[in-house]
Every structure is written in structure tokens, then in C-alpha cells.
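Remarks on the overall topology
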Amino acid sequence: MRKNFGAKPYMYPQPVLIIATYDKEGNPDAMNAAWGGISESDQISMCLSAGHKTTKNILERKAFTVSMADAAHVTEADYLGVVSGNDVTDKLEKAGLHTTKSSFVDAPLIDEFPMALECELVSYDEESCRMVGKIVNVCAEESVLDESGKISPAKLRPITFDPVNNDYLVLGEKVGNAFQDGMKLK
């Protein structure tokens, strides 16, 4: 028997996205967001309310990076979500995080998060809070690549947000082969 929960934002997985920007003065800022995902082959869509400093920065600078939060930096990633850049101007420094300017967009890469999407702003709808970015580049530290040069989820250890229990969960266990296993049923 199923239990009904009503209309809730319960979906698995919800990636823990760390969105980084520069403000008007060129100071790096970042926030934690769990409501986002790929919406086109070269686009990411996220739900970011207009009141976030990061949202204001993106609208000003037209660029941002999206890092995958990882198991090694759960505390830092959570801090970026519970503290507002409107109140704490040096969030990244207080979290012990460092940045490097992206070579592709006018936004910082967070050095401690080994994988990131580098994006240009496509659109923002303040009413729905939907922000769309064009993925210009994906970069990853060599430490999270497998022997064939691909990103290894087992090495990256990305985390997801569990909205039911307010937990962070780590991804990485392979359970099948996409576009192959289903062919057995044809």
C-alpha cells in the first residue's frame, strides 16, 4: 500500500549545486542550490529566487559556474546554503574555500570542488525563479578522472540532497549500463 504525501518537492536525486559568481567589484560569491538540472544538451536550469546575492550577481555579470558538491566538502557546501551572501560578504573565505577565474566565462571556479560547469546566462524569469544557463565548458580535476579520461562518479563522490529527511547522500555505485541493459527485454 502506498502512502500519500501531497504535493511536495520530493525527487531523487537532487544534485547539490554550488553556484559561483563575481559581484560588481569582482569579489567571488557562491550559494548552494538543490533545485536544478540539465534542461537541454547544452543548458542547465535552476530555481533561484531573486533575493539571493548570487542571483543578482549572475544578472549583473551574465555568467556563473556550477560545481558538483562532493562528499569531501559536505560541511562547506552546506554552509554556502545556510548563510546568505547578503549578510556575510566573505562566505567563501569563512568556508575555507578558494577560487580561480574561469578561462571561459566571467565567473570563479571553486578550487576545492573538482568538477564544474562554466555557464553564460541565457534567461531568468523572476516570477517562476527559473534561471537558464548555456554550458560553455565542463572542467574536472584529473584526480576524478578514470583511466580512460572520463569523469568517474566513484572518484568524484558527488552528493545529492534528500528533501524528505534533510540529508546529504553520496552517489557513486554503478548498478547498470545505460542504453544497454534494457535491450535485453527487446
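Residues numbered from 1 in each chain as written. Predicted model: local features only at pLDDT ≥ 70, side-chain atom pairs only at ≥ 80, totals over all residues. Heavy atoms only, no water.

**So, the pairing of strand E2 (residues 17–22)**
Test applied: When a residue's accessible area, from a 1.4 Å probe over protein chains only, is under 20% of the maximum for its type it is buried; when over 50% it is exposed; and in between it is partly exposed. Here a strand is any run of E in DSSP of at least two residues, a helix any run of H or I of at least four, and the numbering for each starts at the N terminus. Strand pairing is assigned whenever DSSP identifies at least 2 bridges connecting the two strands.
Counted residue by residue, E2 has 6 buried out of 6 residues, so it is predominantly covered. A two-sided burial pattern is seen for E2, the buried positions comprising Leu 17, Ile 19 and Thr 21 on one face and Ile 18, Ala 20 and Tyr 22 on the other. Bridge count between E2 and strand E3 (residues 28–33): 6 bridges; the pairing is antiparallel. Across the sheet, Ile 19 pairs through a bridge with Met 31, a residue of E3. The turn joining E2 and E3, which pair antiparallel and follow one another in sequence, is formed by 5 residues; a positive phi near 90 degrees is taken by Gly 26. Pairing of E2 with strand E6 (residues 63–68), which is carried by 4 bridges, proceeds in the antiparallel orientation. Each residue of the ladder has a partner; that of Ile 19, found in E6, is Val 66.

**Brief notes about the sheet that holds strand E1 (residues 14–15)**
Sheets are built from strands paired through backbone hydrogen bonds, the pairs being either parallel or antiparallel. On the basis of which strands lie adjacent, the open sheet formed by 3 strands has the order E1-E11-E12 and antiparallel pairing. On the outer flanks of this sheet lie E1 and strand E12 (167–170), each paired with one strand and no other. Bridging between strand E11 (residues 159–162) and E12 involves 4 bridges; their strand directions are antiparallel. Bridge assignment links Ile 159 to a residue of E12, and that residue is Val 170.

**A few points about the environment of Ser 84**
For Ser 84, the position within the fold is in the loop between helix H2 (74–82) and helix H3 (91–94). Expressed as a C-alpha distance, the spacing of Ser 84 and Arg 2, which sit 82 residues apart in the sequence, is 38 Å.

**Some remarks on the pattern of salt bridges**
To be explicit about the condition: For salt bridges, the criterion is a side-chain nitrogen of Lys or Arg within 4 Å of an Asp or Glu carboxyl oxygen.
Applying the stated rule across the entire model yields 5 salt bridges. A salt bridge links Asp 106 to Arg 61, with the nearest nitrogen and oxygen atoms 2.8 Å apart. Of this pair, Asp 106 sits in the loop between strand E7 (99–101) and strand E8 (108–110) while Arg 61 sits in helix H1 (residues 53–61), and the two are 45 residues apart along the sequence. On the accessibility criterion, Asp 106 (26% relative accessible area) is partly exposed.

**So, the sheet that holds strand E4 (residues 36–40)**
Selection criterion: Every angle, taken between N-to-C directions, lies between 0 and 180 degrees, and every axis is a line fitted to C-alpha atoms, over only the stretch in contact when it is a helix. Residues are treated as being in contact if the distance between any of their heavy atoms lies within 4.5 Å.
Pairing is antiparallel across the open sheet formed by 7 strands, whose spatial order is E3-E2-E6-E9-E10-E5-E4. The open sheet has two edge strands, E3 and E4, and neither has a second partner. Ignoring strand direction, the axes of neighbouring strands in this sheet form an average angle of 35 degrees. Running at roughly 50 degrees to E2, H1 makes contact with E2, E3, E6, strand E9 (115–125) and strand E10 (130–140) of the sheet. Packing of H2 onto the sheet brings it into contact with E2 and E3, and relative to E3 it is tilted by some 95 degrees.

**A word on a nonpolar patch on the surface**
We apply this condition: Patch construction takes residues with relative accessible area above 30% that form no salt bridge. Like charges are linked within 9 Å, and nonpolar side chains (Val, Leu, Ile, Met, Phe, Trp, Tyr) are linked within 5 Å. Calculation of accessible area relied on Shrake-Rupley with a 1.4 Å probe; when residues are assessed, cover is drawn exclusively from the protein chains displayed.
Together, Phe 5, Tyr 10, Tyr 12, Val 164 and Leu 169 make up a nonpolar patch on the protein surface, roughly 460 Å² of accessible area in all. When you line up the elements, Tyr 10 lands in the segment before E1.

**So, unusual backbone geometry**
Cis rather than trans, the peptide bond between Tyr 12 and Pro 13 has omega equal to -15 degrees. The phi dihedral of Lys 62 is positive, around 65 degrees, even though this residue is not glycine. Relative to the helices and strands, Lys 62 resides in the loop between H1 and E6. Look at Lys 62 and you get partly exposed, because its relative accessible area is 47%. The phi dihedral of Asn 166 falls on the positive side, at around 55 degrees, and the residue is not glycine.

What is shown is where atoms sit, not what they do.
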